[in-house]
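Per-entry structural report
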Amino acid sequence: MNQRLALVTLVVADYDEAIAFYTEKLGCQLLEDTYLSPEKRWVRVAPRGEAGAELLLARAASPVQVQCIGNQTGGRVALFLYTDNLARDHARLLAQGITVVRPPVVEPYGTVLVFADLYGNQWDLLEPTQSV
């Protein structure tokens, strides 16, 4: 059996502001922006570099979904972004005005910091000690 995790849905308030944040501030690439109806789009973004899981940006379509924006994992880190140079990417986050929730620390598995996206979802930015 050959499987891989392809997409992770991230509930957002607005497609265009989410695309702008992930592409302009975080440096992801916009892979697809297909209009499915006046209310719904299929929007995929992904970090630049090696293939991996992509984010599907899905605009909240109900009051329950609106309540989940920015807190999809109950306050825990929601997503893990691996990097080959944490210092470089930390400086980029700061230059882009992205909130660093916890500064870099060295852990047995690598150097990691926590940042928040435009909605408050927490991300680990991790430079692993070993190639993963």
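Residues numbered from 1 in each chain as written. Predicted model: local features only at pLDDT ≥ 70, side-chain atom pairs only at ≥ 80, totals over all residues. Heavy atoms only, no water.

Looking at an unreviewed UniProt entry, one finds the protein chain named VOC family protein and attributed to Hymenobacter fodinae.

Focus on the overall build of the protein chain
This is how it is decided: By the criteria applied, helices consist of DSSP H or I runs no shorter than four residues and strands consist of E runs no shorter than two, each listed in order from the N terminus. Only C-alpha atoms enter the radius of gyration, while the globule expectation follows 2.2 Å times N to the 0.38, with N the number of residues.
Scanning the protein chain from terminus to terminus reveals 3 helices and 8 strands. When the helices and strands of the protein chain are read in sequence order from the N terminus, they spell out β-α-β-β-β-α-β-α-β-β-β. The C-alpha atoms of the protein chain give a radius of gyration of 15 Å, which matches the 14 Å a tight globule of 132 residues would have. Overall, the protein chain is about 45 × 35 × 25 Å in size when its C-alpha atoms are taken along their principal axes.

A look at the packing of aromatic side chains
For clarity, the threshold we go by: In summary, the pairing rule links any two rings of Phe, Tyr or Trp, Trp by its six-membered ring, whose centres are within 6.5 Å, and it sorts them by plane angle into stacked for under 30 degrees, edge-to-face for over 60 and tilted for everything else. Relative accessibility thresholds used throughout: buried, under 20% of the residue-type maximum; exposed, over 50%; partly exposed, between the two (1.4 Å probe, protein chains only).
Inspection of every chain in the model, using the stated rule, returns 3 aromatic pairs. On the numbers, 6.1 Å between centres and 40° between planes, the contact of Tyr 22 with Trp 123 is tilted. With Tyr 22 in helix H1 (residues 15-25) and Trp 123 in strand E8 (residues 122-128), this residue pair connects regions lying 101 residues apart in the sequence. Accessibility assignment for this pair places Tyr 22 and Trp 123 in one class, buried. Under the relative-accessibility criterion, Trp 123 is labelled buried at 5%. Among the aromatic residues, ring-to-ring pairing joins Phe 21, Tyr 22, Phe 115 and Trp 123 into one connected group.

Description of the nonpolar core
How we decide: In this description, a nonpolar core means a group of buried Ala, Val, Leu, Ile, Met, Phe, Trp, Tyr and Cys residues linked to one another through side-chain atoms lying within 4.5 Å. What fixes the domain bounds is an automatic or database domain assignment.
Counting residues in hydrophobic clusters, the biggest one holds 26 residues, and the most contacted among them are Tyr 22, Leu 26, Leu 55, Leu 57, Phe 115 and Trp 123. Of all elements in the fold, only strand E1 (7-12), H1, strand E3 (41-46), strand E4 (54-59), strand E5 (77-82), helix H3 (86-95), strand E7 (110-116) and E8 reach the threshold of two or more residues within this core. Examining the composition of this core, we find that 5 residues originate from one element, H1, more than from any other. Each of domain 1 (1-69) and domain 2 (73-131) gives at least three residues to this core.

Points about the UniProt feature "domain: VOC" (unreviewed entry) in the protein chain
Note the cut-off: UniProt positions are given in the numbering used here, feature names are shortened, and annotations may be inferred rather than shown by experiment.
Within this numbering scheme, the UniProt entry marks residues 4-128 as carrying the feature "domain: VOC" (unreviewed entry). Along residues 4-128, the helical share is 22% and the strand share 42%, with 21 Å between the first and last C-alpha atoms.

Observations regarding the pattern of salt bridges
Operational definition: Criterion for a salt bridge: a side-chain nitrogen of Lys or Arg within 4 Å of a carboxyl oxygen of Asp or Glu.
Scanning the entire structure with this criterion turns up 6 salt bridges. Asp 16 is the partner of Arg 41 in a salt bridge, and the nearest nitrogen-oxygen pair spans 3.0 Å. On the criterion of sequence distance, the pair formed by Arg 41 in strand E3 and Asp 16 in helix H1 is long-range, its members being 25 residues apart. For Asp 16, a relative accessible area of 46% corresponds to the partly exposed category. Here Glu 54 ties to Arg 44 by a salt bridge, and the two come within 2.5 Å at their closest N and O atoms. Placement of the pair is Glu 54 in strand E4 and Arg 44 in strand E3, with a sequence separation of 10 residues. Assessed through its relative accessible area of 16%, Glu 54 is described here as buried. By sharing partners, the salt bridges in this structure join Asp 16, Asp 33 and Arg 41 into a single network.

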